[in-house]
Amino acid sequence: MVTRRRALADLLAGLLAGVLAGVLAATVALPAPAQAANGTIGQRETVCASDLFVRTQPVGAWMGTLYQGQTFLVEGPRSGGYVYGFAYGHINRRGWVQDGWFC
């Protein structure tokens, strides 16, 4: 009876080790999430967020949306967490976007 319990314990320990190894391997294989950063004045930055509203002024009226991978030329100034510049793509106009969402 003791040997049967020992065999079962060894089997469970082996299964647990295999599951943990699989979880670890899957976690390591995942791509790292994109790290967003503030825009640099004078640089054409890539939008890292899934979407980024372009506004007429900081916290102003919406006039378009930039999507991940599209670009924004950061011209400045900064105001209240927003930055002014030129939104490329289908918007093609100047406006304000929330800073901190560029790759």
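Refer to the structure printed above.
Attention here is on the structure that accompanies the text. (Residues numbered from 1 in each chain as written. Predicted model: local features only at pLDDT ≥ 70, side-chain atom pairs only at ≥ 80, totals over all residues. Heavy atoms only, no water.)

### Some details on the side chain of T71
Part 1 of the argument: Examined against the element boundaries, T71 turns out to sit in strand β4 (residues 71–79).
Part 2 of the argument: Side-chain polar atoms of T71 contact the side chain of R44, separated by 2.9 Å.
Part 3 of the argument: With residues up to four places along the chain from it excluded, the contact list for T71 reads R44, E45, T46, L66, F86, A87 and Y88. (Helix = DSSP H or I, 4+ residues; strand = E, 2+ residues; numbered from the N terminus. Polar contact = N/O pair within 3.5 Å; in protein donor to acceptor, adjacent residues only side chain to side chain. Contact = heavy atoms within 4.5 Å.)

### Considerations on the packing of aromatic side chains
Part 1 of the argument: Evaluated as defined, the whole model comprises three aromatic pairs.
Part 2 of the argument: Taking the centre distance of 4.8 Å and the plane angle of 70° together, the rings of F86 and Y88 count as edge-to-face.
Part 3 of the argument: A relative accessible area of 24% means that Y88 is categorised as partly exposed.
Part 4 of the argument: Over the face of the ring belonging to Y88 we find R44, whose NZ or CZ atom lies 3.4 Å from the ring centre. (Phe/Tyr/Trp six-rings, centres within 6.5 Å; stacked < 30°, edge-to-face > 60°. Buried < 20%, exposed > 50% of the residue type's maximum accessible area, 1.4 Å probe, protein only. Lys NZ or Arg CZ within 6 Å of the ring centre and 35° of its normal.)

### Thoughts on the pairing of strand β2 (residues 51–55)
Part 1 of the argument: Here β2 runs beside strand β3 (residues 62–67); their pairing, made up of five bridges, is antiparallel. Bridging from a neighbouring strand, V54 pairs with G64 of β3.
Part 2 of the argument: Here β2 hands over to β3 after six residues, with V59 in that stretch at a positive phi of 60°. (Pairing = 2+ DSSP bridges.)

### Considerations on the environment of Y82
Part 1 of the argument: Note on placement: Y82 falls in strand β5 (residues 82–87).
Part 2 of the argument: Considered as a pair, Y82 and W96 are 14 residues apart in the sequence and their alpha carbons are 6.2 Å apart.
Part 3 of the argument: Setting aside anything within four residues of it in sequence, one finds Y82 in contact with R55, P58, V59, P77, W96, V97, Q98 and D99.

### Concerning unusual backbone geometry
Part 1 of the argument: Cis geometry is found at the peptide bond from G76 to P77, where omega equals 10°.
Part 2 of the argument: By the element assignment, P77 lies in strand β4.
Part 3 of the argument: Phi at V59 is positive, roughly 60°, even though this residue is not glycine.
Part 4 of the argument: Structurally, V59 can be placed in the loop between β2 and β3.
Part 5 of the argument: Positive phi, close to 50°, is recorded for N92, a residue that is not glycine.
Part 6 of the argument: The residue N92 is located in the loop between β5 and β6 (93–98) in this model.

### Comments concerning the nonpolar core
Part 1 of the argument: Formed by 13 residues in total, the largest nonpolar core has its most connected members in V54, L66, F72, V97 and F102.
Part 2 of the argument: Elements represented by at least two residues in this core include exactly β2, β3, β4 and β5.
Part 3 of the argument: When neighbours within four sequence positions are excluded, V54 is seen to be in contact with A61, W62, M63, G64, L66, A87, I91, G95, W96 and V97. (Core = buried A, V, L, I, M, F, W, Y, C linked by side-chain atoms within 4.5 Å.)

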